[in-house]
Amino acid sequence: MNKTSVYDCSVIEMNKHHSDRGNITVVENGITVPFDVQRVYYLYDVPGGEERGGHAHRELRQLIVAASGSFDVTIDDGTLKRTFTLNRPYVGLLIVPGIWRELSNFSSGTVCLVLASLPYDENDYLRSYEDFVEFKR
Ligand code: TYD
């Protein structure tokens, strides 16, 4: 999983069931997301100017969604970087393994929803950029 590129990551436009009473977006394993979701977590109350992420994963796949508010995600494969602004609750950024990511520019009240393919495992993290570069070799 070390040869992945930023072009293996993609923005997924999910479904949106619209009505006068509001909208619903449904996430289903293997349909909306190309993996089985084993873990869900969300970031909130991120102070203005704060950054999150700053790591890569060896095996984990994730779909990152701005469930509310907006933020930027910069992805980096060691060679190329791409930055996406997420600001729609029916749009997700699919991040494959072996990609460094940084989340920034959180608007006030943002909820960043993350759907993950594996349970939490600290050994799956590459937390230093040096280790990441070594992993990508
Ligand atoms: P981390 O993934 O480093 O946060 P971020 O990428 O948003 O900056 O997670 C921060 C801490 O939260 C981590 O050190 C341990 C804890 N944590 C869990 O215990 N389980 C989880 O599933 C996650 C995502 C984090």
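Residues numbered from 1 in each chain as written. Predicted model: local features only at pLDDT ≥ 70, side-chain atom pairs only at ≥ 80, totals over all residues. Heavy atoms only, no water.

K.L.:
Honestly, unusual backbone geometry in this entry has me stumped. Any pointers?
P.N.:
Residues other than glycine predominantly adopt negative phi, and peptide bonds predominantly adopt the trans conformation. Positive phi, normally seen in glycine, also occurs at Asp45, with a value near 55 degrees. By the secondary structure assignment, Asp45 is in the loop between strand E4 (39-43) and strand E5 (52-57). A residue is classified by how much of its surface remains accessible, and Asp45, at 69% relative accessible area, is exposed. (Helix = DSSP H or I, 4+ residues; strand = E, 2+ residues; numbered from the N terminus. Buried < 20%, exposed > 50% of the residue type's maximum accessible area, 1.4 Å probe, protein only.)

K.L.:
Sorry, what's going on with the nonpolar core here?
P.N.:
For soluble globular proteins, the rule of thumb is that nonpolar side chains tend to be buried together. Counting 21 residues, the largest nonpolar core has Phe71, Val73, Ile75, Leu86, Ile95 and Cys112 as its most contacted members. Mapped by element, the contributors of at least two residues to this core are strand E6 (62-68), strand E7 (71-76), strand E8 (81-86), strand E9 (91-95) and strand E11 (111-116). Core analysis: the second largest hydrophobic core is formed by 8 residues, Ile12, Met14, Val33 and Leu94 among them. (Core = buried A, V, L, I, M, F, W, Y, C linked by side-chain atoms within 4.5 Å.)

K.L.:
What exactly am I supposed to notice about the environment of Tyr42 here?
P.N.:
As for its placement among the helices and strands, Tyr42 is situated in strand E4. Sequence-wise, Tyr42 and Glu130 are 88 residues apart; in three dimensions their C-alpha atoms are separated by 27 Å. Here Tyr42 is in contact with Val111, Cys112 and Leu113, once residues within four sequence places are set aside. (Contact = heavy atoms within 4.5 Å.)

K.L.:
Would you explain the environment of Asp72 in this entry?
P.N.:
Inspection of the secondary structure assignment puts Asp72 in strand E7. Within the structure, Asp72 has its side chain in polar contact with the side chain of Thr85 (distance 2.8 Å). (Polar contact = N/O pair within 3.5 Å; in protein donor to acceptor, adjacent residues only side chain to side chain.)

K.L.:
Help me understand the pattern of salt bridges, please; the structure alone is not making it clear to me.
P.N.:
Where charged atoms from two side chains of opposite charge approach closely, those side chains can pair. Tallied over the full model, the rule gives 2 salt bridges. Residue Glu122 is joined to Arg127 by a salt bridge in which the shortest nitrogen-to-oxygen separation is 2.6 Å. Measuring nitrogen to oxygen at the nearest pair gives 3.0 Å for the salt bridge that ties Arg137 to Glu134. Among the residues examined, Glu134 registers a relative accessible area of 48% and is labelled partly exposed. (Salt bridge = Lys/Arg side-chain N within 4 Å of Asp/Glu carboxyl O.)

K.L.:
Can you help me understand the sheet that holds E5 in this one?
P.N.:
In any sheet, the strands associate via hydrogen bonds between backbone groups, in a parallel or an antiparallel arrangement. Taken in spatial order, the 5 strands line up as E8-E7-E10-E5-E12 in an open sheet, and their pairing is antiparallel. Here the strands that pair on one side only, and so sit at the sheet edges, are E8 and strand E12 (125-126). Pairing geometry for E5 and E12, over 2 bridges, is antiparallel. Opposite His57, over in E12, you have Tyr125 as the bridge partner. (Pairing = 2+ DSSP bridges.)

K.L.:
What am I meant to see in the sheet that holds E9 here?
P.N.:
Reading across the sheet, the 5 strands line up as E1-E9-E6-E11-E4 and stay open at both edges, with antiparallel pairing between neighbours. Of all strands in the sheet, those bounded by a partner on one side alone are strand E1 (10-13) and E4. Looking at each pair of strands side by side, their axes are set apart by 25 degrees on average, direction ignored. Across 4 bridges, the pairing between E6 and E9 is antiparallel. Note on E9: the bridge partner recorded for Gln62 is Ile95. (Axes fitted to C-alpha atoms, helices over the stretch in contact; angles between N-to-C directions.)

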